[in-house]
Amino acid sequence: MEDVLDLYNEPYDPKKPTLCLDERPYQLVEEVRKPIPAEPGQAERYDYEYKRNGVGNLFALFEPLASWRHIEVTQRRTKIDFAKQLKDLVDVYYPQADVIRLVVDNLNIHTPSALYEVFSPQKARRIIQKVEFHYTPKHASWLNQVEIELSVLSRQCLEQRIPNVEILSSEITAWETERNQKKASVYWAFKTKDARNKMQRLYPSV
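To start, this report covers the structure provided alongside it. Since this is a predicted model, take the numbers as computed values, not measurements.

Reading guide: rules and limits
In every chain, residue numbers begin from 1 and rise along the written sequence. The predicted nature of this model means local features are confined to residues of pLDDT at least 70 and side-chain atom pairs, given and counted, to a pLDDT of 80 or more, with totals for whole chains, interfaces and linings taken over all residues. With hydrogens and water stripped out, all remaining heavy atoms of the structure feed into the side-chain values. A run of H or I in DSSP becomes a helix once it reaches four residues, and a run of E becomes a strand once it reaches two; helices and strands are each numbered from the N terminus. In the analysis that follows, any N or O atom pair within 3.5 Å is treated as a polar contact, provided that within protein one partner can donate a hydrogen and the other can accept it, and provided that, for residues neighboring in sequence, both atoms belong to side chains. A contact between two residues is defined here by any heavy atoms of the two lying within 4.5 Å. Note on geometry: axes are C-alpha line fits, over the in-contact stretch for helices, and angles between N-to-C directions span 0 to 180 degrees. By the definition adopted for this analysis, an angle is roughly parallel if under 35 degrees, roughly antiparallel if over 145, roughly perpendicular if from 65 to 115, and oblique otherwise. Each helix crossing is assigned a hand: it is left-handed if the near helix lies turned anticlockwise from the far helix by less than a right angle, otherwise right-handed if that turn is clockwise. Each residue is assigned to one class: nonpolar for Ala, Val, Leu, Ile, Met, Phe, Trp, Tyr, Cys and Pro, charged for Asp, Glu, Lys and Arg, and polar for all the others, Gly among them. With a 1 Å grid spanning the protein atoms alone, the term cavity applies to any set of points in which a 1.4 Å probe fits but cannot get out, the term pocket to an open set with protein on both sides within 12 Å along at least five of seven lines, and the term lining residue to any residue with an atom within 4 Å of a point. Grid points are joined across faces, edges and corners, and a volume is the space filled by probe spheres set on the points. Given a helix with a known number of residues, its expected span is that number minus one, times 1.5 Å. Each residue is placed in one exposure class: buried if its accessible area under a 1.4 Å probe, protein chains only, is under 20% of its type's maximum, exposed if it is over 50%, and partly exposed if it falls in between.

Quick look at the side chain of Thr-18
Alright, step 1. Checked against the element boundaries, Thr-18 lands in strand β1 (residues 18-31).
Alright, step 2. A polar side-chain atom of Thr-18 sits 3.4 Å from a polar atom in the side chain of Arg-101.
Alright, step 3. Those residues in contact with Thr-18, other than ones at most four positions away along the chain, are Leu-7, Tyr-8, Phe-62, Glu-63, Pro-64, Arg-101 and Val-103.

Some thoughts on the packing of helix α2 (residues 79-93) against helix α3 (residues 121-128)
Alright, step 1. Between α2 and α3, the shortest axis-to-axis distance is 10 Å and the interhelical angle comes to 65 degrees. Compared by their axis directions, α2 and α3 come out roughly perpendicular. At the point where α2 passes α3, the crossing takes the left-handed sense. Facing Leu-86, Lys-87, Val-90 and Asp-91 of α2, the residues of α3 in contact are Lys-123, Arg-126 and Ile-127.
Alright, step 2. Broken down by class, the residue content of the contact of α2 with α3 amounts to three nonpolar, no polar and four charged.

A few points about empty space enclosed by the protein
Alright, step 1. In the structure shown here, the tally under the stated rule is one cavity of 30 Å³ or more.
Alright, step 2. By volume, the largest cavity amounts to about 40 Å³.
Alright, step 3. Lining of the largest cavity is provided by Leu-7, Glu-10, Pro-11, Tyr-12, Asp-13, Lys-16, Thr-18, Leu-65 and Arg-101.
Alright, step 4. Within the lining of the largest cavity, the residues separate by chemical class into four nonpolar, one polar and four charged.

Some points on α2
Alright, step 1. Look at α2: 20 Å from first C-alpha to last across 15 residues, which is about the 21 Å you get at 1.5 Å a residue.
Alright, step 2. Turning to α2, its buried residues number three or more, namely Asp-81, Phe-82, Ala-83, Gln-85, Leu-86, Leu-89 and Val-90.

Some details on the layout of surface pockets
Alright, step 1. Reported here for the largest pocket is a volume of approximately 180 Å³.
Alright, step 2. Lining the largest pocket are 14 residues, with Tyr-8, Pro-64, Leu-65, Gln-145 and Trp-188 positioned closest to its centre.
Alright, step 3. The element best represented in the lining of the largest pocket is helix α1 (residues 2-8), accounting for three residues.
Alright, step 4. A per-class count over the lining of the largest pocket returns nine nonpolar, four polar and one charged.

Remarks on unusual backbone geometry
Alright, step 1. Positive phi values are uncommon outside glycine, yet Ser-67 reaches one of about 55 degrees.
Alright, step 2. Positionally, Ser-67 belongs in the loop between β2 (50-63) and β3 (68-74).
Alright, step 3. Positive phi, normally seen in glycine, also occurs at Lys-183, with a value near 55 degrees.
Alright, step 4. Note that Lys-183 resides in the loop between α5 (165-181) and α6 (192-198).
Alright, step 5. With relative accessibility at 56%, the residue Lys-183 sits in the exposed group.

This is the structure in structure tokens:
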């Protein structure tokens, strides 16, 4: 826990950015009857019946100190998908960084070895050498700031019926662009000293 909290307390360094990564499933839902538009004195009306169109997955990257986020919509959440996110992180989003400090939880796909299942050993090793993994403790994924950002995404963009991955990607891209332009971010006030005061039971008695 202190490893992640100390990392959040470091000053911004574009050569050593701190990124938070997490995933979230999203249920694709299609209307079976066309909603009736809102009218003066009458809210929009829609039928409670709907059609399930499967589940998509959202990979979320968030750099709090730079007020930047990117959401990638995928069909699945596998080691292969995770490895591709790491490659884009290194080669597309942060090619000039010396090292990327990546905060993730303990999900079984969040491992450097995932890269070797997708890329050649040479390419996998090149990517790994630029990514420094920082794991949140088990049952403490709330320490990952991207969870806050995903909560904002859910409230502002995803509380509607979205029938397919294409529309989902379009809606999220519009939300992401607006939020990045506004330089919206997370104010993280919980520090290591706070953890030692409030979570004494988790520390060994000396």
